[in-house]
Amino acid sequence: VFDGGYGTSIQKFKLDEADYRGNLDLPMDQKGNNDLLCLTRPDIIEGIHTAYFDAGADMVETNTFSSTKIAMADYGCEHLVRDINVAAAKLARRAAEKAQAKDGRRRFVAGSIGPTNKTLSISPDVNDPSFRATDFQTMKNAFAEQVRALLDGGVDLLLPETSIDTLNMKATIFAIEEVFAERGVRVPVILSCTITDRSGRTLSGQTIEAFWYSVEHAKPLAVGLNCALGAAEMRPYVETLANNAPCFISLYPNAG
């Protein structure tokens, strides 16, 4: 059993800009930079992890969905990427160990790796279909930096999630394999994509079968779907995955 949303949980605290910023000297408004709270309000993030464990979760994600240099550029926080990821992993690990100490049941920490706010397959400029806001190498390097920090912080597995563009996911897989090779160590990997509407396709236009055959070489522990759709709407796509992928299937739908 997985945990639930972090953005929605954080919103309930009605934090202001000072809560997000803390004592950090940053050039831009930080309100909404949820991952930064791992450094500035660790009590809130660890409390959310603990609440999910208390509710029955076996696994929580790190609060690192946007913790790459690419995504953190929106807030001028590229220099804090490693610190955020390491801190996030340690917060989740501490909550997991406390929950495990209560009843002896093993708890797990998944290193959350979001898709970034850029895509490799789609141009953001309708007047120039060939334009890309970034390139594969840059994206791969950003993911590799995040993976190293999450592993250093002590995650049990890696979770590239909410994939809207399979080429982004391929960059993530490439980065993960690069880090595994340089360290001579592996942890399990779960891959999760998102179907953006009832067309049954990712934002970059792939069907769920095409997504799976594009990433099966990663040999993930599990593959699945998250975000966008509710459970009932996700059912046929989960069935398709289950009929094609030989690994475990994961599913965490939106509540809405």
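Everything below is about the structure shown above.
The shown structure was predicted, so the numbers you read here are calculated from the model rather than taken from an experiment.

For this particular structure, what's the right way to read the pattern of salt bridges?
Here the idea is simple: oppositely charged side chains can pair when their charged atoms come close. In the structure shown here, the tally under the stated rule is 18 salt bridges. Notably, a salt bridge pairs R94 with E46, separated by 2.8 Å at the nearest N-O pair. Note that R94 is positioned in helix 6 (residues 81-103) and E46 in helix 4 (residues 42-54), a separation of 48 residues in sequence. The class for R94 is partly exposed, based on a relative accessible area of 40%. Among the charged side chains, a network of salt bridges with common partners joins K140, R148, E178 and E182.

Explain the nonpolar core here, please?
Nonpolar side chains tend to gather and get buried jointly when the protein is soluble and globular. Within the largest apolar cluster, 67 residues are counted, with the highest numbers of intra-cluster contacts made by L151, L158, L191, V223 and L225. At 10 residues, helix 6 tops the list of elements feeding residues into this core. Not counting chain neighbours up to four residues away, the residues in contact with L191 comprise P160, M169, I173, V215, A218, P220, A222, V223, G224 and S250. In terms of nonpolar packing, the next biggest core, distinct from the first, is built from 8 residues, M59, I190, A222 and Y252 among them.

So what exactly am I meant to see when it comes to the packing of helix 9 (residues 208-215) against helix 10 (residues 231-244) here?
Axes are the key here: two packed helices are described by the angle between their axes and the distance separating the axes. For the pair helix 9 and helix 10, interaxial distance at closest approach is 9 Å and the crossing angle is 40°. Comparing their axes, helix 10 and helix 9 come out oblique. Here the hand of the crossing between helix 9 and helix 10 comes out right-handed. Contact residues: helix 9 offers I208, E209, W212 and Y213, while helix 10 offers Y237, T240, L241 and N244. Along the lines of polarity and charge, the residues of the contact of helix 9 with helix 10 split into 5 nonpolar, 2 polar and 1 charged.

Explanation requested: the packing of aromatic side chains in the structure shown.
Ring pairs (aromatic) are described by centroid distance and by the angle formed between their planes. Enumeration according to the criterion identifies 3 aromatic pairs in this entry. Note on F2 and Y252: the rings are 4.8 Å apart at their centroids and 85° apart in plane angle, and the pair reads as edge-to-face. Of this pair, F2 sits in the segment before helix 1 (7-11) while Y252 is found in strand 6 (residues 248-252), placing the two residues 250 residues apart along the sequence. Taken individually, F2 and Y252 each receive the classification buried, so the pair is uniform in this respect.

Reading the values: the criteria
- Residues numbered from 1 in each chain as written.
- Predicted model: local features only at pLDDT ≥ 70, side-chain atom pairs only at ≥ 80, totals over all residues.
- Heavy atoms only, no water.
- Salt bridge = Lys/Arg side-chain N within 4 Å of Asp/Glu carboxyl O.
- Helix = DSSP H or I, 4+ residues; strand = E, 2+ residues; numbered from the N terminus.
- Buried < 20%, exposed > 50% of the residue type's maximum accessible area, 1.4 Å probe, protein only.
- Core = buried A, V, L, I, M, F, W, Y, C linked by side-chain atoms within 4.5 Å.
- Contact = heavy atoms within 4.5 Å.
- Axes fitted to C-alpha atoms, helices over the stretch in contact; angles between N-to-C directions.
- Parallel < 35°, antiparallel > 145°, perpendicular 65-115°, else oblique.
- Left-handed = near helix turned anticlockwise from the far one by under 90°.
- Nonpolar A, V, L, I, M, F, W, Y, C, P; charged D, E, K, R; others polar.
- Phe/Tyr/Trp six-rings, centres within 6.5 Å; stacked < 30°, edge-to-face > 60°.

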